[in-house]
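Next come the chains, spelled out residue by residue.
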Amino acid sequence: MFSSLGGSGAILTFQIIGLFVLMLLSKIVESRAAMRGCQRNPLPPWLDRSLRICFLGVLLGPTALSFDFYYMRFPVATMLLLLYMPSYSNLCEQQGGWSNLYARRMFVFRWVWQYFSLRLVKTVDLDAKKSYIFGIHPHGILPFGAITAFNYELSADSFKNLFPGIELRTLAATFCFYIPGYREILLAGGVVDAARYSAKAIMNSGYSLSLVPGGATEALYNEPTKDVVYLRKRFGFVKLALETGASLVPVFSFNECDTYTVMGTDSPTINGFKRKFQAIFGISLPLVTNIIPKRAKIVVVVGKPIVCPKTDAPENAMVQEYLDKYIDALETLYNENKDKYNSRPKPNLTVI
């Protein structure tokens, strides 16, 4: 039996070692983009699982050891952590996720839907026998419209009711599935890994996908007075559509950027930290003035599909052609609906 001092020293030593391990892991995952949905080949499954188990051990190991040492006669928390590791590292988000999507019927989605007076608007019927990639814009600080409108099932104008028969999964950054607890909530809501190799495998299994092409970078342009989308360098989702023969569907979430006010900063240190953080984890750290989102009236409008020919290895010129078509369709969708759904007058959509 350790003394109290000896036990505390052992736990502190474990935490220091864990810090160095995390620093080493951060260099590995940054170089391989393992935590943020890389565009390269996947890591070997054994290595991917090992990275996740190491991350979980460093993240929760000291807490479990401390709890057991100070409060329990037996290593209960440590045993629970060990029992959790197999399901935590099973990589199911790379194959389509869970089949029981009970989170799509949870009260949290209903609360968000009501809080923002959210509406999902259909402009055209979609053939359920075909597959689609729904590109949702803008990201906002938190993409409430993208997440809620496409995943909540119990509203009369939910995606499930407006587009019956389309089996949908939503993409999220790989790092999201490293966070224990949050990972399970995402899987229960039909959210899967955003890595390109995962997305392609999931589409080939018969699913359609919804995603926010602008991602974390677009969140840094969040501003209530104008709508900005980060899209001209986003070739990946277009290439995925061409490789799988899926149709591209532009979607715009009006008033999404009204939920938070962002503080601008010219600090090189802060900007450098944010770029480093995003490079590793694939999520941004915008500085907001309000923690609780404002009650903006979010209206998510689904546009017309752009049919893409299935091409095993689309050339860059072809990808650029269909990206240009997509941008044109998105701008048309925005211009046709901005006066109807924007809560305030705004200039034309800015695409960067």
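Preceding block: the structure.
The structure reproduced in this document is the subject of the present report.

Conventions and cut-offs
Residues numbered from 1 in each chain as written. Predicted model: local features only at pLDDT ≥ 70, side-chain atom pairs only at ≥ 80, totals over all residues. Heavy atoms only, no water. Helix = DSSP H or I, 4+ residues; strand = E, 2+ residues; numbered from the N terminus. Contact = heavy atoms within 4.5 Å. Pairing = 2+ DSSP bridges. Axes fitted to C-alpha atoms, helices over the stretch in contact; angles between N-to-C directions. Core = buried A, V, L, I, M, F, W, Y, C linked by side-chain atoms within 4.5 Å. Buried < 20%, exposed > 50% of the residue type's maximum accessible area, 1.4 Å probe, protein only. Salt bridge = Lys/Arg side-chain N within 4 Å of Asp/Glu carboxyl O. Polar contact = N/O pair within 3.5 Å; in protein donor to acceptor, adjacent residues only side chain to side chain.

1. Side note on the environment of Ala329
Its place among the elements puts Ala329 in helix H12 (residues 316-341). Residues within four places of Ala329 in sequence aside, it is in contact with Pro250 and Ile306.

2. Some words on unusual backbone geometry
With an omega dihedral of -15 degrees, the bond running from His137 to Pro138 counts as a cis peptide bond. Considering the arrangement of structural elements, one finds Pro138 in the loop between strand S2 (132-137) and helix H5 (144-151). Even without being glycine, Leu91 reaches a positive phi, approximately 60 degrees. By the element assignment, Leu91 lies in the loop between helix H3 (76-88) and helix H4 (107-115).

3. Quick look at the sheet that holds strand S3 (residues 168-172)
An order of S1-S8-S7-S2-S5-S3-S4 is seen for the seven strands of this open sheet, with the pairing classed as mixed. The two strands at the open ends of the sheet, each matched to only one other strand, are strand S1 (119-122) and strand S4 (191-193). For this sheet, the mean angle separating the axes of adjacent strands, direction not counted, is 30 degrees. In the sheet, S3 pairs with strand S5 (residues 208-211) via three bridges, with the strands oriented parallel. Paired with Thr170 across the strands is Ser210, a residue of S5. Relative to strand S8 (residues 299-302), H5 is tilted by about 65 degrees, and along the sheet it contacts S1, S2, S3, S5, strand S7 (247-254) and S8. Sheet strands touched by H12: S1, S2, S7 and S8. Its angle to S7, the strand with the most contacts, is close to 30 degrees.

4. What about the nonpolar core?
Of all hydrophobic cores here, the largest spans 35 residues; its most connected members are Ile133, Leu231, Phe237, Val238, Leu248 and Phe252. Every element with two or more residues in this core is listed here: helix H8 (196-204), S5, helix H10 (236-244), S7, S8 and H12. Considering every element that reaches this core, the biggest residue donor is H12, with nine residues. With sequence-adjacent residues up to four places away left out, Leu248 is seen in contact with Ile133, Phe237, Val238, Ala241, Lys304, Pro305, Ile306, Cys308 and Tyr326. One finds Phe109, Val112, Leu118 and Ala149 within the second-largest nonpolar core, a separate group that totals 28 residues.

5. Details of the pairing of S8
Residues Val299 and Val301 line one face of S8 and the alternating positions Val300 and Val302 line the opposite face, and both faces are buried. As defined by bridge partners, S7 adjoins S8 across four bridges and the pair is classed as antiparallel. Its bridge partner lying in S8, Phe254 is registered against Val299.

6. Some thoughts on the pattern of salt bridges
Scanning the model with the defined rule gives twelve salt bridges in all. The residue Arg52 makes a salt bridge to Asp48 at a minimum N-O spacing of 2.9 Å. On the criterion of helical spacing, the pair formed by Arg52 and Asp48 is a turn pair, its members being four residues apart in helix H2 (residues 45-71). Note on accessibility: Arg52 and Asp48 belong to one class, buried. Close ionic contact of Lys325 with Glu321 constitutes a salt bridge, the shortest N to O distance being 3.5 Å. You can see Lys325 and its partner Glu321 sitting in helix H12, four residues apart, about one turn around the helix. Since its relative accessible area comes to 37%, Lys325 is described here as partly exposed. Look at the salt bridges and you will find they share partners, linking Asp48, Arg52, Glu93, Arg183 and Glu184 into a network.

7. Considerations on the environment of Ser155
Within the secondary structure, Ser155 is located in the loop between H5 and helix H6 (159-162). For Ser155 and Leu120, which are 35 residues apart along the polypeptide, the C-alpha to C-alpha distance reads 9.7 Å. Apart from the residues lying within four places of it in its own chain, the contact partners of Ser155 are Trp113 and Asn161. A distance of 2.6 Å separates the side chain of Ser155 from the side chain of Asp157, its partner in a polar contact.

8. A few points about H5
Extensive coverage of H5 is indicated by the burial of seven of its eight residues. Considered for burial, the residues of H5 that qualify are Phe144, Gly145, Ala146, Thr148, Ala149, Phe150 and Asn151.

9. Let's talk about the pairing of S7
Most of S7 is tucked away, with eight of its eight residues classed as buried. Of the two faces of S7, the one carrying Ser247, Val249, Val251 and Ser253 and the one carrying Leu248, Pro250, Phe252 and Phe254 are both buried. Bridge analysis of S2 against S7 gives six bridges, and the strand direction is parallel. Pairing of His137 across the sheet is with Phe252, part of S7.

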